[in-house]
Every structure is written in structure tokens, then in C-alpha cells.
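Given next are the chains, with one letter for each unit.
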Amino acid sequence: QQQVKQSPQSLIVQKGGISIINCAYENTAFDYFPWYQQFPGKGPALLIAIRPDVSEKKEGRFTISFNKSAKQFSLHIMDSQPGDSATYFCASWMDSSYKLIFGSGTRLLVRP
Amino acid sequence: NAGVTQTPKFRILKIGQSMTLQCTQDMNHNYMYWYRQDPGMGLKLIYYSVGAGITDKGEVPNGYNVSRSTTEDFPLRLELAAPSQTSVYFCAAQGKSTGELFFGEGSRLTVL
């Protein structure tokens, strides 16, 4: 089974710090790499996504960095806030299909 | 505009019982997905559909069935409930042009 490997499993950051979550994929059907954010008791919601015609995309405090040759992409949260405390998932499309496969998730806790 | 609606929100089943989780979307999206999320774990794809009348297996399809008779509805059926199917189930719909998945609020199922 194709996998999407995400690390770390959990992350504790002080308010104002930088949170970094990494994702590695095997192959992909589509060049579109998203990060989803999930709060307890809620469904995941798209946070930010990148199409790798660029190596980096920034939206406010959130940045995706993409390394196509290494098949890796990462999420950087600058100036982390307690409200960012959530679980974050990366995802990739399985080779030659419309199956969107998620990583195992990273539980982020931002301490005040 | 409700997006993706799942029912029921909570359900307790006895081993061997059957039930259907309902999912409906009002966004006219062709692609729909069912995921399960075990406590503290990532999202596992059960089944997906690229349009009415077309369904395909995901990562963990055993013990489940789906149908897609309309664009709006994508029900998930459990035929013989087992304790291993205790989980939170998420339905999602995807717009082809953006690639973004819109998730429902989830259905929490417990099998005793």
C-alpha cells in the first residue's frame, strides 16, 4: 500500500515559536499537496495547499515548502498561537487514482 | 449552503447488527469519499466515488459497502458490525477544479 509518512507524531511549542511538520510521499497521481487542520470533535478542513510549480507557498503565518526530488513537503507555522493547537494532516493522491491518502497526523500543542 | 451533512452523529450498535451512515452534499461535487478515524490516529480511506454509479475501494474497504445513485448522496453500509469498526466516520466531497475536500462533522460509531 502506498504510504504518506508524517512526522513528528506530536509537537509541543511555546507561544511565538515555530512549528514544523514534515511529510514524505511515495508517488502521486496529481501535483497538489494539501495540509488539513482538525480541531477536536470536528472534521478536517483545508489549511493550505501547494502545486509544485513553486517550491514554497505562504499564507499568513503558514508556509508550505516543497522538495519534488526528495518527494517531501513540510508545513511551517510561524509565531505559533494557542489557537493553532490542533491535529494536522498532510495528504497525497495515490498513483494513477483519485484516492487521497492521509498521513497519520501531528498533534500540535502551543503553550501560552 | 450546508456543505456535507452526515447522519447520525452518534450511534451504538451491537455486534452483528447492520446500519447505514448517510452522507449528502449540496455543492454538486462529483467526487465523494468515506474515511474512518480511530482514536489518536489518522484518516483511512474506506471507499470513494468519482460520480453517480461509480465507486471504488480505498485502503480499508472490508466490512463496508457503498452506493452512489445520485450526485448528492453517498451512503456507507455496515452489514455485520464488529468491535473493530468502532470509529469516527467522515464523509467528504471534492471539487475537481480546486482539489479541496470538504468534510462533514463526522459520525461516531460504537460497536459493543
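Predicted model, so just to flag it, every value in this text is computed and none were measured. (Residues numbered from 1 in each chain as written. Chains lettered and ligands numbered in written order. Predicted model: local features only at pLDDT ≥ 70, side-chain atom pairs only at ≥ 80, totals over all residues. Heavy atoms only, no water.)

Asks: Explanation requested: the state of the cysteines in the structure shown.
Replies: Two cysteines joined by a covalent bond between their sulfur atoms form a disulfide. Going through the model one piece at a time under the given rule, you end up with two disulfides over all chains. Put simply, C23 of chain A and C90 of chain A are joined by a disulfide, and their sulfur atoms are 2.0 Å apart. With the S-S bond torsion at 70°, the cross-link from C23 of chain A to C90 of chain A turns out right-handed. Of the two residues, C23 of chain A is situated in strand β3 (residues 19–25) and C90 of chain A in strand β9 (residues 86–93); the sequence distance between them amounts to 67 residues. C90 of chain A sits in the buried class, given a relative accessible area of 0%. One disulfide in the model links C23 of chain B with C91 of chain B; its S-S distance is 1.9 Å. Looking along the S-S bond of the C23 of chain B-C91 of chain B disulfide, the torsion reads about -75°, which is the left-handed sense. With a gap of 68 residues between them, C23 of chain B in strand β3 (residues 19–25) and C91 of chain B in strand β9 (residues 87–94) connect regions that are remote in the sequence. Just as C23 of chain B is buried, C91 of chain B falls in that class too. (Disulfide = S-S within 2.5 Å. Helix = DSSP H or I, 4+ residues; strand = E, 2+ residues; numbered from the N terminus. Buried < 20%, exposed > 50% of the residue type's maximum accessible area, 1.4 Å probe, protein only.)

Asks: Please clarify how the interface of chain A and chain B should be interpreted in this entry.
Replies: How big an interface is tends to be reported as the loss of accessible area on association of its parts. Taken residue by residue, the interface counts 21 residues in chain A and 25 residues in chain B. Taking both sides of the interface into account, the surface hidden between chain A and chain B amounts to around 1800 Å²; carbon and sulfur atoms contribute 54%. Broken down residue by residue, the surface that chain A buries against chain B is led by Y98, K99 and F102 of chain A, which jointly contribute 29%. The interface formed by chain A and chain B holds one salt bridge in total. When the shortest N-O distance is used, the salt bridge between K42 of chain A and E105 of chain B registers 3.3 Å. Between chain A and chain B we count six residue pairs in polar contact (both at pLDDT 80 or more) in total. Those elements that provide at least two residues to the side of chain A that touches chain B are β4 (33–38), β9 and β10 (100–102) of chain A. (Contact = heavy atoms within 4.5 Å. Buried area = accessible area lost by both parts, 1.4 Å probe. Salt bridge = Lys/Arg side-chain N within 4 Å of Asp/Glu carboxyl O. Polar contact = N/O pair within 3.5 Å; in protein donor to acceptor, adjacent residues only side chain to side chain.)

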